[in-house]
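# A structural walkthrough
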Amino acid sequence: MKTTLNVLREIILHLPRTIRLALYENRSRRSQLLLGRVWDFLNPLFQILIYWFVFSVGLKTETRNGFPYAIWLMCGMMPWLAMNASSVNAANAIQMNAHVLKNVAIPVTIMPMKAIVKAYYEHLWTMGILVATLLFTGVWPTLHWLELAYYLLASGAFLTGFALITSSLSAVWRDFFEFLNPVMRLMFYISSVVWPLESLPENLQVIMFLNPFAYVVEGYRKCLLYGEGFWLNWQQGAYFWALTLLLLVMGSLLNMRLRRRFIDQL
Amino acid sequence: MAQDVIVRCENLTKTYDLYTGEGARIMALLGLPARGMHYSALDGVTQDFIRGEIVGLAGLNGSGKSTLAKIIAGITYPTSGRCEVRGSVSMLAANVGMNDQLTGRENIHYKCMLMGLTRRQIARVEESIIDFAEVGVYIDQPLRTYSSGMRSRLGFAISVHADPEILIVDEALSVGDAAFSEKCLSRMQEFRDSGKTIFFVTHAPWQMLHFCDRVMWLHRGRTIGFDKADVMVPTYVEFTRDWTKMEAAEREAMEPSYAAYRERFQRQQREAWARKAQGLTTE
């Protein structure tokens, strides 16, 4: 427990620096692009178009409460893209920054946290399109929209724990990172992003309950579309936070244990 | 003697594990018996270093100089023993944390942040870095358009402005032309004059002689000697002269003795003086 607090303290203490580093790296990516930030919007839009075509036009997927599929998809896709980019890039972060870690005395946790911050910075921008689309199609803001802050916090905490584990393991064991790719692909299809998990048989619904990604994806929809407070789903919320705590404890122990080995083996 | 010890190494050892393959490495990671061997980079180094000195680390390749430097810098960890560092420390790494897509100015900000400077500190040193780097109008151009010399100069300029209490220079002074090297060395002098401590790893004996107060001679991870630079550097040079002539087997068996080599250097010095004196009397 003490290790966890130390690691969390390190993360929080260095958060301002992490954010500034992340902003510069995002800027460096944009400076190569003529369209710059436009890609932050275009990339998710293209993906949404593709899935809309396959699942709505092609497969005639029905959504809960009869919301138009495109709107429903968009509300789930935006948080998913942020969580997916965070998970994959954070897992790779220690390896990617090996050169820096081997030459500068810098807390190793800055690297995965930087990846999460980068993804969420872009996410906050793309939320602009989402809100614009919602307003355009006549979905009006309610007080429930403020609960997005809760889901941002929840996903941030969960991803921090997840990233502590995946980045530490990937740094010492490369196969783990390769393994993460198919896992995230699977997660995509069982997180209710492109088709509603409610259409699964009753006994398989547990997938949705146990999947932390689904909690956040559905959470966004609950805020933006259904107008359901997060406290109504307190059972899954309690499970989600218990899991997050477990990941944070395990992740910080793992990170501390392996920290001494990273540097020499990177 | 109340000297101000800034770095205290106690019985430092560092062992690298070498495995026969990925499988063995993973086995070892899980705490299972794995095939492989240990490579001892540092083997019981005990030494106090005094604040405000420039300390040279001399030794052949693989003698443990860089490992010791990295442990003091807090980048890597000793396998056993303690390294107590009383002050902020930074390792001079000219090419680390430079981003090709950012402009020179943005790189100053980026790299300074990596090194842990606050926004206010960065604002204070920015102009000074630009002056030092001598990249002219390129400062607002992306780094990818820089020549390799300009790139290193900028990286170096940023590194020397980190202003730690202990600076570690690991073979990093070979950037730019002679004039720039000169400037770097004089910057190091300034650094020392303001009471900072410098650890200096180089293979150039003249640089060490010219520049260091004390030199530590490492061989296969062990301290052979630690002495004033004007005695240690020529002594070490005597040893390297022998070493280059040796066969592999002889090298393996070699246990250099500091006293013996110092004796040899001092004898040669005496003889040289004697010859000179003789020349004077016969004239």
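Our subject in this report is the structure included herewith. (Residues numbered from 1 in each chain as written. Chains lettered and ligands numbered in written order. Predicted model: local features only at pLDDT ≥ 70, side-chain atom pairs only at ≥ 80, totals over all residues. Heavy atoms only, no water.)

Taken together, the contact between chain B and chain A spans 31 residues of the former and 27 residues of the latter. Of all residues in chain B, Tyr77(B), Met113(B) and Leu114(B) bury the most surface against chain A, accounting for 24% of the area lost on that side. The salt bridge involving Glu106(B) is made with Arg27(A); its shortest N-O contact spans 2.9 Å. Linking chain B with chain A are 9 residue pairs in polar contact (both at pLDDT 80 or more). Residue assignment for the side of chain B that touches chain A shows that the elements contributing at least two residues are β1 (5-19), α1 (22-29), α3 (104-114) and α4 (119-133) of chain B. In terms of residue count, α3(B) provides more of the side of chain B that touches chain A than any other element does, 5 residues in total. (Contact = heavy atoms within 4.5 Å. Buried area = accessible area lost by both parts, 1.4 Å probe. Salt bridge = Lys/Arg side-chain N within 4 Å of Asp/Glu carboxyl O. Polar contact = N/O pair within 3.5 Å; in protein donor to acceptor, adjacent residues only side chain to side chain. Helix = DSSP H or I, 4+ residues; strand = E, 2+ residues; numbered from the N terminus.)

Our next topic: the packing of α3(B) against helix α5 (residues 148-160) of chain B. Residues and elements named next belong to chain B. Axis separation between α3 and α5 bottoms out at 10 Å; the angle between their running directions is 40°. When the axis of α3 is compared with that of α5, the two are oblique. Crossing angle aside, the handedness with which α3 passes α5 is right-handed. Mapping the contact onto sequence places Gly104, Asn107, Ile108, Lys111 and Cys112 in α3 and Leu154, Gly155, Ile158 and Ser159 in α5. Grouping the constituent residues of the contact of α3 with α5 by class yields 4 nonpolar, 4 polar and 1 charged. (Axes fitted to C-alpha atoms, helices over the stretch in contact; angles between N-to-C directions. Parallel < 35°, antiparallel > 145°, perpendicular 65-115°, else oblique. Left-handed = near helix turned anticlockwise from the far one by under 90°. Nonpolar A, V, L, I, M, F, W, Y, C, P; charged D, E, K, R; others polar.)

What follows deals with the packing of α4(B) against α5(B). Residue and element names in this part refer to chain B. Orientation of α4 relative to α5, taken along the N-to-C sense of each, is 140°, at an axis distance of 8 Å. Comparing their axes, α5 and α4 come out oblique. In this structure, the crossing between α4 and α5 has a hand that is right-handed. Listed contacts from α5 to Ile129, Phe132 and Ala133 of α4 are Arg153, Leu154, Phe156, Ala157, Ile158 and Val160. When its residues are assigned to classes, the contact of α4 with α5 shows 8 nonpolar, no polar and 1 charged.

What follows concerns the sheet that holds strand β5 (residues 89-92) of chain B. Residues and elements named next belong to chain B. The sheet built from 6 strands is open, its strands ordered β5-β6-β7-β3-β8-β9 with mixed pairing. Edge positions in the sheet fall to β5 and β9 (222-228), since each has one partner strand and no second. With strand direction ignored, the average angle separating the axes of adjacent strands in the sheet is 20°. Of the strand pairs in this sheet, β5 and strand β6 (residues 166-170) are connected by 4 bridges, and their pairing is parallel. In the strand pairing of β6, Ser90 is matched with Leu167. (Pairing = 2+ DSSP bridges.)

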